[in-house]
Amino acid sequence: MKVLVTGGAGFIGSNFVLRAREVRRDWQLTVLDALTYAANRASLDPVAEQVEFVEGSIADADLVYSLVAEHDVVVHFAAESHNDNSLDNPWPFMESNIIGTYRLLEAVRRHGKRLHHISTDEVYGDLELDDPQRFTESTPVNPSSPYSASKASADLLVRAWIRSFGISATISNCSNNYGPRQHVEKFIPRQITGIIQGVKPKLYGTGANVRDWIHVDDHNDAVIAIIERGRLGETYLIGADGELNNREIIALILELTGKPADWFEHVNDRPGHDLRYAIDSSKLRAETGWAPRYQDIRAGLRQTIDWYAANEAWWQPAKAATEQVYARLGR
Ligand code: NAD
Ligand code: TDX
């Protein structure tokens, strides 16, 4: 099977490529990635000989049409992915997340190929802390930020192309990922790499906001399960029952790095900051048999901290520029 992976030099996409090389050795993989600030070519170094790499944008119709024609399946990770950036400058989110997805949809329609579209639980908006309900596949979209609105837009385009044009596609909406090779702008790697440099973790607002954490390998195993066993036209929510608030995550990171429990500081909150996400993944589990392997966030964080400690050359080049952006935003 020839698989085109968009965004394969980013966090989840590169981990997908590495994992697929391990567990699906008969897949022929091509990565299409624009190499934005969020990409890191070095993530693909271990498989450079076995994976074709094409630098280019999913918004480039000619490039997308010709690449899709040569593959059987498109796994679509490429996106602008950071909420804080979308509040600062929304345009790249519109271009990559909406127009880029539109180009891919037209290409898979023209060439009759299979698409798996990667999305996020943020399209559903947020929940109260004490709400007993979690997000399901039938929760209405209600996005808060330009980022989540652009992802909800892309999801709706995919649903429309399924219904009106009958394309062979599936969608997954996953909760917050953590693990190796995540950009240092994101919450967990920002704090781990800050601690390595002697800087206190930075908590937005009160830190009561809850995220439903999943290890990136569990997310990618679910994506493989949906590609192989998912029903065409369906949406699947991916989550590992990993709800923790941001204070609890910082407490764990401080404990695992041997720092005092109060060694962190509060910074300005994010405008429109979603309070809580929570995923009910029973449909995915029942239909594909998938279950997360990382049941213990402490073990997953230990592995992640060790990875950042051992791979400073991977993250150092992006760290100073990332903190300059946060300094400008007052976060
Ligand atoms: P990331 O920012 O680490 O990587 C995104 C990759 O896409 C980068 O390599 C970038 O160069 C590439 N890209 C961006 N615009 C492009 C374009 N126009 N053409 C080609 N390549 C382009 O993001 P991530 O965290 O790995 O997220 C991957 C996908 O998973 C996204 O669709 C995101 O919405 C979704 N998602 C992420 C999370 C999470 O917790 N990180 C959770 C659920 C869903
Ligand atoms: O320094 C920080 N301090 C802090 O308290 C940063 C960077 C974040 N936070 C908070 C904001 C959120 O409540 O931590 C939480 C997680 O923040 P992010 O890592 O920016 O993730 P989030 O906004 O939840 O979105 C992530 O999960 C869903 C991904 O970035 C998205 O791509 C994905 O769709």
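Bear in mind the structure is a predicted one, so any value in this text is a computation, not a measurement.

**A look at the packing of aromatic side chains**
Thinking step 1. Within the structure shown, the criterion is met by 10 aromatic pairs.
Thinking step 2. Aromatic side chains Phe-16 and Trp-27 sit 6.4 Å apart centroid to centroid with 40 degrees between the ring planes, which places their arrangement in the tilted category. Of this pair, Phe-16 sits in helix 1 (residues 11-23) while Trp-27 is found in the loop between helix 1 and strand 2 (28-33), placing the two residues 11 residues apart along the sequence. Accessibility classification places Phe-16 together with Trp-27 in one group, the buried group.
Thinking step 3. Aromatic pair Trp-307 and Tyr-308: ring centres 5.0 Å apart, planes at 85 degrees, arrangement edge-to-face.

**A look at the site of ligand 1**
Thinking step 1. Looking at ligand 1, there are 28 residues lining it, with Ile-12, Asp-33, Ser-81, Tyr-147 and Lys-151 nearest.
Thinking step 2. Take Ala-34: an N or O atom from its main chain is 3.0 Å from a nitrogen atom of ligand 1.
Thinking step 3. Here an oxygen atom of ligand 1 sits 3.0 Å away from a polar atom, N or O, in the main chain of Thr-36.
Thinking step 4. Calculation on ligand 1 without its partners gives an accessible area of 840 Å², and the protein chains cover 96% of this total.
Thinking step 5. For the shell around ligand 1, the per-class residue count stands at 14 nonpolar, 12 polar and 2 charged.

**Observations concerning the pattern of salt bridges**
Thinking step 1. Across all of its chains, the model carries 21 salt bridges by this definition.
Thinking step 2. Taking the shortest distance from any N to any O, the salt bridge between Glu-106 and Arg-109 comes out at 2.9 Å. Taken together, the positions of Glu-106 and Arg-109, both in helix 4 (residues 91-111) and 3 residues apart, correspond to about one turn of that helix.
Thinking step 3. With a relative accessible area of 15%, Glu-106 lands in the buried category.
Thinking step 4. With its nearest N and O atoms 2.4 Å apart, the salt bridge here joins Arg-298 to Glu-255. Taken as a pair, Arg-298 in helix 10 (residues 297-310) and Glu-255 in helix 8 (residues 246-256) lie far apart in primary sequence, 43 residues in all.
Thinking step 5. A residue is classified by how much of its surface remains accessible, and Glu-255, at 47% relative accessible area, is partly exposed.

**Examining unusual backbone geometry**
Thinking step 1. The phi dihedral of Arg-181 falls on the positive side, at around 70 degrees, and the residue is not glycine.
Thinking step 2. Unlike most non-glycine residues, Asp-241 shows phi in positive territory, near 55 degrees.
Thinking step 3. Within the element layout of this structure, Asp-241 appears in the loop between strand 11 (235-238) and strand 12 (243-245).
Thinking step 4. Residue Asp-241 is classed as partly exposed on the basis of its relative accessible area, which comes to 48%.

**Points about the sheet that holds strand 4 (residues 73-76)**
Thinking step 1. Taken in spatial order, the 7 strands of this open sheet run 3-2-1-4-5-6-11, and their pairing is parallel. Looking at which strands have only one partner, the edges of the open sheet turn out to be strand 3 (52-55) and strand 11. Averaged over all neighbouring strand pairs, the angle between strand axes comes to 20 degrees, with direction disregarded.
Thinking step 2. One ladder, built from 4 bridges, connects strand 1 (residues 2-6) with strand 4; its direction is parallel. Bridging from a neighbouring strand, Leu-4 pairs with Val-74 of strand 4.
Thinking step 3. Each of strand 1, strand 2, strand 3 and strand 4 touches helix 2 (residues 61-69); the most contacted strand, strand 2, lies at about 175 degrees to it.

Rules behind the numbers
Residues numbered from 1 in each chain as written. Chains lettered and ligands numbered in written order. Predicted model: local features only at pLDDT ≥ 70, side-chain atom pairs only at ≥ 80, totals over all residues. Heavy atoms only, no water. Phe/Tyr/Trp six-rings, centres within 6.5 Å; stacked < 30°, edge-to-face > 60°. Helix = DSSP H or I, 4+ residues; strand = E, 2+ residues; numbered from the N terminus. Buried < 20%, exposed > 50% of the residue type's maximum accessible area, 1.4 Å probe, protein only. Near = heavy atom within 4 Å. Polar contact = N/O pair within 3.5 Å; in protein donor to acceptor, adjacent residues only side chain to side chain. Areas by Shrake-Rupley, 256 points an atom, 1.4 Å probe, with all protein chains shown as cover. Nonpolar A, V, L, I, M, F, W, Y, C, P; charged D, E, K, R; others polar. Salt bridge = Lys/Arg side-chain N within 4 Å of Asp/Glu carboxyl O. Pairing = 2+ DSSP bridges. Axes fitted to C-alpha atoms, helices over the stretch in contact; angles between N-to-C directions. Contact = heavy atoms within 4.5 Å.

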